[in-house]
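# Close look at the chain arrangement
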Amino acid sequence: MGESMLSSPDDLKSLSVQTQKAMAKKRSAFICSNCGRRSSGYFGRCPQCGEFESMVEHVEEAPKSRAHSQASSGVQRKPLRLEAVGPGEEDRLPVPMGEFNRVLGGGLVPGSLVLLGGEPGVGKSTLVIELAALLAESAGNVLYVSGEESASQIKMRAERMGLSARDLFLLTETDLGNIFDQISALDPVLVVIDSIQTTHTAELNSSPGLVAQVRECALRLQSLAKDSGVSVLMIGHVTKDGNIAGPRALEHIVDTVLYLEGDPFQQYRLLRSVKNRFGATSELGVFEMRGRGMAQVENPSQVFLEERVVQASGSAIAITMEGTRPLLVEMQALTSPTSFGNPRRTPNGVDINRLLLISAVLSKVIGLKLWEQDIFVNVIGGIRISEPASDLAMAVAIASSYYDRPAPADLAIVGEVGLSGEIRRVGQLSMRLNEARKIGFKRVLVPRLGGNADEIPPGIQLLQARNLSGALREVFSTD
Ligand SMILES: Nc1ncnc2c1ncn2[C@@H]1O[C@H](COP(=O)(O)OP(=O)(O)OP(=O)(O)O)[C@@H](O)[C@H]1O
Ligand SMILES: [Mg+2]
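The structure displayed is predicted, hence computed values, not measured ones. (Residues numbered from 1 in each chain as written. Chains lettered and ligands numbered in written order. Predicted model: local features only at pLDDT ≥ 70, side-chain atom pairs only at ≥ 80, totals over all residues. Heavy atoms only, no water.)

## Focus: the overall build of the chain
As a reminder of what qualifies: Every helix listed is a DSSP run of H or I at least four residues long, and every strand listed is a run of E at least two residues long, numbered separately from the N terminus. Per-residue accessibility, obtained with a 1.4 Å probe over protein chains only, is compared with the maximum for each type, and a residue is labelled buried under 20%, exposed over 50%, and partly exposed between these values. Here the Shrake-Rupley method, with its probe set to 1.4 Å, supplies the accessible areas, and only the displayed protein chains count as covering residues.
Looking only at helices and strands, one finds 14 helices and 21 strands in the chain. The 479 residues of the chain split such that 49% are buried. As displayed, the chain offers around 22,800 Å² of accessible surface, 49% of which is attributable to carbon and sulfur atoms.

## Comments concerning helix H12 (residues 391–403)
Note on helix geometry: an α-helix contains 3.6 residues per turn, so any two residues three or four positions apart are oriented the same way. For clarity, the threshold we go by: Multiplying 1.5 Å by the helix residue count minus one yields the expected span of that helix.
In this model H12 runs 18 Å from its N-terminal to its C-terminal C-alpha over 13 residues, within 8% of the 18 Å that 1.5 Å per residue would give. The buried fraction of H12 is high, at eleven of 13 residues. Buried residues of H12: Asp391, Leu392, Ala393, Met394, Ala395, Val396, Ala397, Ile398, Ala399, Ser400 and Ser401, and no others. Just downstream of H12 lies Asp404, where phi reads positive at about 55°.

## Topic: the pattern of salt bridges
The condition that has to hold: Should a side-chain nitrogen of Lys or Arg be within 4 Å of a carboxyl oxygen of Asp or Glu, the pair is scored as a salt bridge.
Considering all chains together, one arrives at 18 salt bridges under this definition. Its salt-bridge partner being Arg102, residue Glu283 comes within 3.8 Å of it at the nearest N-O pair. Taken together, the residues Glu283 in the loop between strand S10 (268–276) and strand S11 (284–290) and Arg102 in helix H4 (residues 98–104) connect sequence positions 181 residues apart. Residue Arg272 is joined to Glu322 by a salt bridge in which the shortest nitrogen-to-oxygen separation is 2.7 Å. One end of the pair, Arg272, is in strand S10; the other, Glu322, is in strand S13 (residues 315–322), and 50 residues separate them in sequence. Glu322 matches Arg272 in its accessibility class, with the two residues each being buried.

## So, the packing of aromatic side chains
Heads up, the rule is: Think of it this way: a Phe, Tyr or Trp ring, Trp meaning its six-membered ring, pairs with another when their centres are within 6.5 Å, and the plane angle makes it stacked under 30 degrees, edge-to-face over 60, tilted otherwise.
Summed over all chains, the structure comprises three aromatic pairs. Ring geometry for Tyr403 versus Phe476: centroids 5.8 Å apart, planes at 80°, classification edge-to-face. You can see Tyr403 sitting in helix H12 and its partner Phe476 sitting in helix H14 (residues 468–477), a full 73 residues away along the chain. Relative accessible area serves as the criterion here: at 36%, Tyr403 is assigned to the partly exposed category. Grouping aromatic residues by their ring pairs yields a cluster made of Tyr402, Tyr403 and Phe476.

## A short note on empty space enclosed by the protein
Which parts of space are left empty comes out when a probe the size of a water molecule is rolled across the atoms. What counts, and what does not: A cavity, in this analysis, means grid points on a 1 Å lattice covering only the protein atoms where a 1.4 Å probe fits yet has no way out; a pocket is instead an open set bounded by protein on both sides within 12 Å along at least five of seven lines, and a residue lines either one if it has an atom within 4 Å of a point. Grid points are joined across faces, edges and corners, and a volume is the space filled by probe spheres set on the points. Amino acid classes used here: Ala, Val, Leu, Ile, Met, Phe, Trp, Tyr, Cys and Pro are nonpolar; Asp, Glu, Lys and Arg are charged; the rest, including Gly, are polar.
Enumeration according to the criterion identifies two cavities of 30 Å³ or more in this entry. Lining the largest cavity are 13 residues, and of these Arg308, Ser315, Ala407, Pro408 and Ala409 lie nearest its centre. Every element with two or more residues in the lining of the largest cavity is listed here: S13 and strand S17 (411–413). Each residue belonging to the lining of the largest cavity can be placed in one class, and the counts come to ten nonpolar, two polar and one charged. The volume enclosed by the second largest cavity comes to roughly 50 Å³. Looking at the second largest cavity, the residues that line it are Val350, Asp351, Arg354, Ile385, Ser386, Glu387, Ser390, Asp391 and Met394. When its residues are assigned to classes, the lining of the second largest cavity shows three nonpolar, two polar and four charged.

## Notes on the site of ligand 1
Rules: Only heavy atoms are used to decide nearness, and a residue is near a molecule or strand if one of them lies within 4 Å of it. Whenever a nitrogen or oxygen atom comes within 3.5 Å of another N or O atom, the pair is scored as a polar contact, on the condition that within protein one atom can donate a hydrogen and the other can accept it, and that pairs from neighbouring residues in sequence are kept only if both atoms are in side chains.
If you check the shell around ligand 1, you find 13 residues, and the closest are Gly121, Lys124, Ser125, Thr126 and Arg157. One of the side-chain nitrogen or oxygen atoms of Ser125 is found 2.7 Å away from an oxygen atom of ligand 1. One of the side-chain N or O atoms of Glu148 is found 3.4 Å from an oxygen atom in ligand 1. The protein chains hide 60% of the 650 Å² of surface that ligand 1 would expose on its own. Taken together, the residues of the shell around ligand 1 break down into three nonpolar, five polar and five charged.

Below you can see the structure in the form of structure tokens.
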């Protein structure tokens, strides 16, 4: 649905005369998002600038007199001195689900608008119904509005997950006006909208899911949240390229944007915050999809390393930071002679550009004949690593597969590789080292430290390397 944000030119033809008249009565207008041309009817192609599918519907309200605008909102807001604003306006509502709490930055802020995106079937509804039931038990009424599933479907899911909460209310509704009526009748602490793409307001004529509808509904939910203090969690679909469907503006309107991601063939699901007005971004929560719902994974490093085969060549342990959380993950590499044509580089969980860079440095600086090898790199657990601090682990995994020599089993690796083969320092070293120690690693290969040796926790032996050849020497001569 996300792809068809804008009406096709054919949609215009299908509009009946009555509909066109109804549009006129509602004083809705179409404005070209490219050149600003205003028109009372929809054009597939802007008659002024010629841009296709750029006309977006807006509701035009008659200009209000000052008296009218004061009366309609009931309150006239006045500027406040910063110091006059009372404290504790962001008292958080702790969510009884540690991993969700972590990603939100310590709890749900009353009056905040949260957007949760994810691919179809990744488990958005499953995660949110569980959150809703837990909050209903601990904090008060929760309203779960679904425009996608019937109440009995949701009930079946809740039963399968063993959830029962007296104060969890279900509403199958897509009309925002009706949803608002129910919210004011129920006075919940949290409203879940599943999903924002199926919700629509009767004041716009466009179909649910189209840009104007999605944006308008989000704006109204935002002002509802800010005015009444109820927290709103909207579920959003993602497009094929992985962005939340709808205008980019949707991400600007909301306070927090979370993504639920995961390989459909793996049981792990990662909840990531990409924007948070109330906490750190890139925070990561880890869940496991089970028959009874989403189980929290409180020690992901341990879990990701559980199936590791020690003394296998082509494997190295990286210590990466996901937000404020250090994670130990296994990186596997396989080099195999190219049968014909160009050698292939196949990354899974790492950026192709980092893989190309590391292979080029290994060839040029270390002299590995990688130009005649296909290289596959895989990060175990469905994690995607974007941090350059895991470069060195990738280089060690590739070299280990190429030499067919395993890296030591008790060695974890951290460091960024530069273009001339130098190993660069990385941030938050002591947190990474502490995590390695907690999981039982004894040695960590790190970039050469300057004067900050005080960061090293006791019980960890550091192997320091200034460049890639030094690093490989340390790894393959220490066993
Ligand atoms: N009986 C079951 N046992 C185990 N897992 C199940 C069962 N039924 C559904 N699932 C899992 O739940 C997933 C669907 O979860 P959910 O409906 O929460 O996804 P969603 O992200 O909300 O999808 P959509 O975008 O379609 O709304 C399925 O992909 C499946 O893995
Ligand atoms: Mg769903």
